[in-house]
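A look at the structure
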Amino acid sequence: MVADETLVLGIETSCDETAVGVVTGGRRILADVVLSQIDEHRPYGGIVPEIAARAHVEHLDRLIAEALATAELGFDELDAIAATAGPGLIGGLLVGLATAKAIAAATGKPLVAVNHLEGHALSARLGSDLDFPYLLALLSGGHCQLLIVEGVGRYVRLGTTIDDAVGEAFDKTAKLLDLGYPGGPAVELAAAAGDGAKYPLPRPMRGREGCNFSFSGLKTAVRNLLEKEANARPKDVAASFQAAVADVLADRTTHAISIARRRRPEIDSLVVAGGVAANRAIRERLAEVAGAVGLALVAPPPALCTDNGAMIAWAGLERLRLGLTDPFETAARARWPLDPDAAPAPFAGAKA
Ligand code: KG4
Ligand code: ZN
């Protein structure tokens, strides 16, 4: 069989990473450059949209040149230009999408406007020959959802968060514990040396019907605990927090598996994606959940879990194969749900 050498460049600027990737239809990653803006946002303890947009403008052209040099390719050799068009911070999205349009216009190559969440959702297919349909736990800083992935562009959302996303809960807990920013990796590191049974934190939504999540009460419980016990060791609090999150994710995912299998009995894989899927304890816990009911856990390597350009290039390539290219009038969208038919999350302020 001849390898599919379709070549797509992908641009990711939806949040605080400026990232560019080049992938082939044969699942090879030819370039994957990621510039984190962590240092620029650190003084503020979180992402400042204006600073993010400006940093994307400053660095994107150079990163595209770097990615093409690494891949040893010129623009003319590409088959399409993909960019994240939403959801995310609108300033950054505009920078990435406008740049992709300019390249596409100058080279005559097709443009593919990619949903960032679809980038995460399909990233597991870049690393392995995973077939549709599969169950996806999308666990990131902006989103926390359980979805059936029926195919490219076809998603059935089974549950979402009614308040904070799981990565947001990690980031806020890290802030409360003074562990620095970004919080997820810092909490994981601290938790590895702590006692997860030390503090019995709440497990919001555990045992409830359906597959929705809620994390704001857990964050408040951590704050209350720290106010009450000034001498609590951060590593024990981090471990107790992580244990609570793992319990909630395990419970919600177990529910989702039974709902998903009723709808699509052929589902044999649970895929985890998004930045929080880089967390080893959480991956291990979800592997247990999947294994207990005969599902395989598919987790992309950590570098493909956190935001990157390769996953956008790959989603662009999957869309290109189906003829799903986009006109230059395509607008960036701050909100863009994967499953537009899903019932809205119960409370205002919930994520798309
Ligand atoms: O997917 P991602 O890079 O960006 C979004 O689309 O949101 O996810 C970033 C989130 C952040 O909240 C970060 O703290 C969290 O993923 N994260 C982690 C870990 N690495 C990143 N959370 C827990 N453990 C980790 N090792
Ligand atoms: Zn993301």
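Right above here is the structure, for reference.
Below, the structure is looked at part by part. (Residues numbered from 1 in each chain as written. Chains lettered and ligands numbered in written order. Predicted model: local features only at pLDDT ≥ 70, side-chain atom pairs only at ≥ 80, totals over all residues. Heavy atoms only, no water.)

Moving on to the overall build of the protein chain. Of regular secondary structure, the protein chain possesses 11 helices and 10 strands. Taken against the 2.2 N^0.38 rule, which gives 20 Å for 352 residues, the C-alpha radius of gyration of the protein chain at 20 Å falls within 12% of a compact globule. Dimensions of the protein chain, computed from the C-alpha atoms along their principal axes, are close to 60 × 50 × 35 Å. Residues classed as buried in the protein chain amount to 54% of the 352 residues present. By sequence separation, contacts in the protein chain at least 24 residues apart represent 73% of the contacts at least 6 residues apart. For the protein chain, the exposed area adds up to about 14,400 Å²; of that, 53% sits on carbon and sulfur atoms. Charge-centre separation for the protein chain: the mean point of 34 positive side chains lies 7 Å from the mean point of 43 negative side chains. (Helix = DSSP H or I, 4+ residues; strand = E, 2+ residues; numbered from the N terminus. Rg over C-alpha atoms; globule rule 2.2 N^0.38 Å. Buried < 20%, exposed > 50% of the residue type's maximum accessible area, 1.4 Å probe, protein only. Contact = heavy atoms within 4.5 Å. Areas by Shrake-Rupley, 256 points an atom, 1.4 Å probe, with all protein chains shown as cover. Lys, Arg positive; Asp, Glu negative; His and termini not counted. Charge placed at Lys NZ, Arg CZ, Asp CG, Glu CD.)

What follows is about the coordination of the zinc ion (ligand 2). Expected angles at a metal are 109.5 degrees for tetrahedral coordination by four donors and either 90 or 180 degrees for octahedral coordination by six donors. Only His116 (NE2), His120 (NE2) and Asp307 (OD) from the protein reach the zinc ion (ligand 2) as donors, at distances of 2.0 to 2.1 Å. Taken together, the 4 donor atoms surrounding the zinc ion (ligand 2) define angles of 94 to 142° at the centre, an arrangement classified as irregular. The sequence pattern describing where the donors of the zinc ion (ligand 2) fall on their chain is H-x3-H-x186-D. Taken as a pair, His116 and His120 lie in helix α4 (residues 116–127) at a separation of 4 residues, close to a single helical turn. (Donors = N, O, S within 2.8 Å, 3.2 Å for Na, K, Ca; no water. Tetrahedral: all angles 85-135°; square planar, octahedral: opposite > 155°, others 65-115°.)

On the basis of which strands lie adjacent, the open sheet formed by 5 strands has the order β8-β7-β6-β9-β10 and mixed pairing. Of all strands in the sheet, those with a lone pairing partner are β8 (154–160) and β10 (296–298), marking the two edges. Sheet twist, expressed as the average angle between the axes of neighbouring strands with direction ignored, equals 25°. Inspection of the sheet shows strand β7 (residues 144–151) paired to β8 by 6 bridges, in the antiparallel sense. Residue pairing across strands places Ile148 opposite Val156, the latter belonging to β8. Sitting on the sheet, helix α9 (residues 280–292) touches β6 (134–139), β9 (269–273) and β10, and the angle it makes with β10 is about 150°. (Pairing = 2+ DSSP bridges. Axes fitted to C-alpha atoms, helices over the stretch in contact; angles between N-to-C directions.)

Another aspect to go through is the site of ligand 1. The environment of ligand 1 is formed by 19 residues, the closest being Gly141, Asp171, Gly184, Glu188 and Asp307. In the model, an oxygen atom of ligand 1 is placed 2.6 Å from a nitrogen or oxygen of the Asp171 side chain. Here an oxygen atom of ligand 1 sits 2.9 Å away from a polar atom, N or O, in the main chain of Gly184. If ligand 1 stood free it would expose 550 Å²; the protein chains cover 89% of that surface. (Near = heavy atom within 4 Å. Polar contact = N/O pair within 3.5 Å; in protein donor to acceptor, adjacent residues only side chain to side chain.)

With that out of the way, let us pick up the packing of helix α2 (residues 49–71) against helix α3 (residues 90–107). Geometrically, a packed helix pair is captured by the angle between its two axes and the distance between the axes. α3 packs onto α2 with a crossing angle of 30° between their chain directions and a minimal axis gap of 8 Å. In this view, α2 runs roughly parallel relative to α3, as classed from their interaxial angle. For the pair α2 and α3, the crossing hand works out as right-handed. Here α2 contributes Ala53, His56, Val57, Leu60, Asp61 and Ile64 to the contact with α3, which in turn contributes Gly91, Gly92, Val95, Gly96, Thr99 and Ile103. The residue makeup of the contact of α2 with α3, split by class, is 6 nonpolar, 5 polar and 1 charged. (Parallel < 35°, antiparallel > 145°, perpendicular 65-115°, else oblique. Left-handed = near helix turned anticlockwise from the far one by under 90°. Nonpolar A, V, L, I, M, F, W, Y, C, P; charged D, E, K, R; others polar.)

This paragraph deals with the pattern of salt bridges. On inspection of all chains with the given rule, the structure shows 18 salt bridges. The salt bridge partner of Arg42 is Asp39, with a shortest N-O separation of 2.7 Å. Given a relative accessible area of 41%, Arg42 falls into the partly exposed group. Judged by relative accessible area, Asp39 falls into the exposed class, the value being 58%. Salt-bridge contacts for Arg264 lead to Glu266; the nearest nitrogen and oxygen are separated by 2.7 Å. Linked by salt bridges that have partners in common, Asp164, Glu168, Lys172 and Lys219 make up one network. (Salt bridge = Lys/Arg side-chain N within 4 Å of Asp/Glu carboxyl O.)

The biggest cluster of nonpolar side chains holds 50 residues, and the ones touching the most others in it are Leu139, Leu201, Phe215, Phe241 and Val245. With 12 residues, the top contributor of residues to this core is helix α8 (residues 234–263). Setting aside residues no more than four positions away along its own chain, Phe215 makes contact with Cys144, Thr161, Asp163, Asp164, Ala165, Val166, Ala169, Val245, Val248 and Leu249. In terms of nonpolar packing, the next biggest core, distinct from the first, is built from 32 residues, Ala121, Leu138, Val271 and Leu338 among them. (Core = buried A, V, L, I, M, F, W, Y, C linked by side-chain atoms within 4.5 Å.)

Moving on, we come to the packing of aromatic side chains. In this structure the tally under the stated criterion is 3 aromatic pairs. Look at Phe170 and Phe241: their rings are 5.0 Å apart centre to centre, the planes differ by 85°, and that puts the pair in the edge-to-face class. Of this pair, Phe170 sits in helix α5 (residues 166–176) while Phe241 sits in helix α8; the two residues are 71 residues apart in sequence, bridging distant segments of the chain. For the pair shown, Phe170 and Phe241 are each scored as buried. Relative to Phe215, the ring of Phe213 lies with its centre 6.0 Å away and its plane at 15°, an arrangement referred to as stacked. In this pair, the class of Phe213 matches that of Phe215, namely buried. (Phe/Tyr/Trp six-rings, centres within 6.5 Å; stacked < 30°, edge-to-face > 60°.)

Limitation: the analysis is restricted to geometry and does not speak to function.
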